[in-house]
Amino acid sequence: QAKKGGRNTYRFYTESLTEVANQRVAMEVALRQGLERGEFLLHYQPLIDMSSMRPVGVEALLRWQRPGAGLVPPGQFIPLAEETGLILPLGEFVLGAACSQMKRWLEAGADIETVAVNLSAHQFHQADIAQRVAAILEETGLPPGYLELEITESALMDFGEEAETRLRALKDLGLRLAIDDFGTGYSSLAYLKRFPIDKIKVDQSFVRDIPHDTADMEIVATVVAMAKNLNLQVLAEGVETEAQLAYLRHLKCDAAQGYLFSRPVPPLEFPPLWNAVLGFGVV
Ligand code: C2E
Ligand code: MG
Ligand code: MG
Ligand code: MG
């Protein structure tokens, strides 16, 4: 009896492992085809300046319109795209699409300063990343000062000393650099003064429980103060409530992003937000 059960368990286990492997392969094929077939698109979320309460920029966020599966969020395919290297062509698509969208918005009279694009570790580790970004700026005609690249702390730390050279090459193009998900990586703070960084984006995990978690509130207050002392811009991610907004304004945090202002929206829905002065809790 036990033996039989054991054998069944074993068989079940191998079958499910095979199934997981098959799903991965199917997903990889679908990603590759999706890229060829133009199934990827960008949504845009406003970045709000806290003193004027106006959107001063947008972050481009990748979505996959996968047939039969609806709109797939990046958390469900970016990790596999990273593992398989597909993130490289995907990332180039994102840069090109975001830069040309921004260029069109500027031509239409948009009063925004920044389009922020997430750069994956894999992309950042390419030796010729600066040349690639330069080529995309050239092709799309977007002046470099409008582009901000977001890089996570872990992408920098995995890379040791060379990170600095790579960041400088990007910075020399005339664009801006932001550290994404600040506070979540294993890192030394020393890099903040060495690297040519313009902005830190405080991770949403520190914002989520304001005003209930006093430790998180202390952390955010300290990060905002540190950013100011180092002459870095600071943005708080994941702002969902007016209480969070009020605390961040009290700290004189420069900028914020979150569902309180707007979810990421398709490009056509963005223009009405340009000139809106966002009051507390609007949108
Ligand atoms: P991220 O760069 O930190 O982007 C912010 C994420 O927080 C977005 O999720 C956004 O929709 C979400 N968010 C914004 N406001 C709020 C809020 O008030 N509450 C909550 N709970 N969430 C909020 P999304 O679009 O699902 O993207 C997730 C992550 O996927 C991004 O985190 C980024 O790391 C990655 N990602 C997205 N697009 C790209 C891309 O084009 N390239 C690369 N390499 N990674 C990307
Ligand atoms: Mg980001
Ligand atoms: Mg982020
Ligand atoms: Mg984040």
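To be clear, the structure that these remarks concern was listed above.
In this text, all values refer to a predicted model and were calculated from it rather than measured experimentally. (Residues numbered from 1 in each chain as written. Chains lettered and ligands numbered in written order. Predicted model: local features only at pLDDT ≥ 70, side-chain atom pairs only at ≥ 80, totals over all residues. Heavy atoms only, no water.)

## Thoughts on the layout of surface pockets
Rolled over the atoms, a probe as big as a water molecule pinpoints where empty space is left. Note the cut-off: Any residue with an atom within 4 Å of a point lines the site, the site being either a cavity, points on a 1 Å grid over the protein atoms alone where a 1.4 Å probe fits but cannot get out, or a pocket, an open set with protein on both sides within 12 Å along at least 5 of 7 lines. Grid points are joined across faces, edges and corners, and a volume is the space filled by probe spheres set on the points. Per the convention used, a helix needs a DSSP run of H or I reaching at least four residues, while a strand needs a run of E reaching at least two, with both numbered from the N terminus. Residues are grouped as follows: Ala, Val, Leu, Ile, Met, Phe, Trp, Tyr, Cys and Pro are nonpolar; Asp, Glu, Lys and Arg are charged; every other residue, Gly included, is polar.
What the largest pocket holds in volume is close to 920 Å³. Counting residues per element, the ones that place at least two in the lining of the largest pocket are β1 (40-49), β2 (54-66), α2 (78-84), α3 (87-107), α4 (121-124), β5 (147-152) and β6 (176-182). It is β2 that contributes the most residues to the lining of the largest pocket, five residues altogether. Here the residues of the lining of the largest pocket sort into 16 nonpolar, 11 polar and nine charged. Counting only elements with at least two residues in the lining of the second largest pocket, the list comes to β1, β2 and β8 (233-236). Tallied by class, residues from the lining of the second largest pocket come to four nonpolar, three polar and six charged.

## Things to note about helix α10 (residues 214-229)
Here is the rule: Each residue after the first adds 1.5 Å to the expected span of a helix. Type-normalised accessible area, obtained with a 1.4 Å probe on protein chains alone, sets the label of each residue: buried when under 20%, exposed when over 50%, and partly exposed for intermediate values. The directions from the helix axis to the C-beta atoms are what the arc is built from. By definition, residues are in contact when any of their heavy atoms lie within 4.5 Å. Two N or O atoms form a polar contact when they lie within 3.5 Å of each other; inside protein one atom must be a possible hydrogen donor and the other a possible acceptor, and for residues adjacent in sequence the pair counts only when both atoms belong to side chains.
Here α10 spans 22 Å end to end across 16 residues, near enough to the 22 Å set by a 1.5 Å rise per residue. Those residues of α10 that sit buried are Asp216, Met217, Val220, Val223, Val224 and Ala227. The buried side chains of α10 occupy one side of the element, clustering within an arc of 130° when seen end-on. Along α10, exposed side chains directed more than 90 degrees from the buried face belong to Thr214, Glu218 and Asn229. The elements touched by buried residues of α10 are β6, β7 (199-202), α9 (204-207), β8 and α11 (242-250). Looking at where α10 begins, the residue whose side-chain oxygen comes 2.9 Å from the main-chain nitrogen of Ala215 is Asp213. Just downstream of α10, Asn231 is the residue with a positive phi angle, here 60°.

## Things to note about the pattern of salt bridges
Note the cut-off: Salt-bridge detection follows one rule: a side-chain nitrogen of Lys or Arg within 4 Å of a carboxyl oxygen of Asp or Glu.
Overall, the coordinates contain 16 salt bridges when judged by the stated rule. When the shortest N-O distance is used, the salt bridge between Glu161 and Arg194 registers 3.8 Å. Note that Glu161 is positioned in the loop between α6 (153-157) and α7 (162-171) and Arg194 in helix α8 (residues 191-194), a separation of 33 residues in sequence. Shared partners join several salt bridges into a network, and the residues in it are Glu161, Glu164, Arg168 and Arg194.

## Observations regarding the coordination of the magnesium ion (ligand 2)
We count it as follows: The rule for donors is simple: N, O or S, within 2.8 Å of the metal, or within 3.2 Å if the metal is Na, K or Ca. Water isn't counted, so a site may look like it is missing partners.
At 2.0 to 2.2 Å from the magnesium ion (ligand 2) lie its protein donor atoms, namely Glu59 (OE), Asn118 (OD1), Glu150 (OE) and Asp180 (OD). Each donor residue of the magnesium ion (ligand 2) belongs to the same chain, and together they define the spacing E-x58-N-x31-E-x29-D. A separation of 3.5 Å is found between the magnesium ion (ligand 2) and the magnesium ion (ligand 3), which share Asp180 as a coordinating residue. Taken together, the residues Asn118 in strand β4 (residues 114-118) and Asp180 in strand β6 connect sequence positions 62 residues apart. Exposure remark for Asn118: the relative accessible area of 29% places this residue in the partly exposed category. The class for Asp180 is buried, based on a relative accessible area of 6%.

## Topic: the site of ligand 1
So the rule is basically this: Throughout this document, a residue counts as near a molecule or strand when at least one of its heavy atoms sits within 4 Å of that molecule or strand. Residue burial considers only the protein chains on display, and all accessible areas are found by Shrake-Rupley using a 1.4 Å probe. More than half of a molecule's atoms within 2 Å of the grid points is what it takes for that molecule to sit in a cavity or pocket.
Near ligand 1 lie 21 residues; those nearest to it are Arg63, Asn118, Asp180, Glu240 and Tyr259. Glu59 places a polar side-chain atom, nitrogen or oxygen, 3.0 Å from an oxygen atom of ligand 1. In this structure, Tyr259 approaches ligand 1 through a main-chain N or O atom, which is 2.8 Å from an oxygen atom. Relative to its unbound accessible area of 800 Å², ligand 1 is 81% covered by the protein chains. If you map ligand 1 onto the pockets, it falls in the largest pocket. Elements with a minimum of two residues in the shell around ligand 1: β2 and β6. If one sorts the elements of the shell around ligand 1 by residue count, β2 sits on top with four residues. Taken together, the residues of the shell around ligand 1 break down into eight nonpolar, six polar and seven charged.

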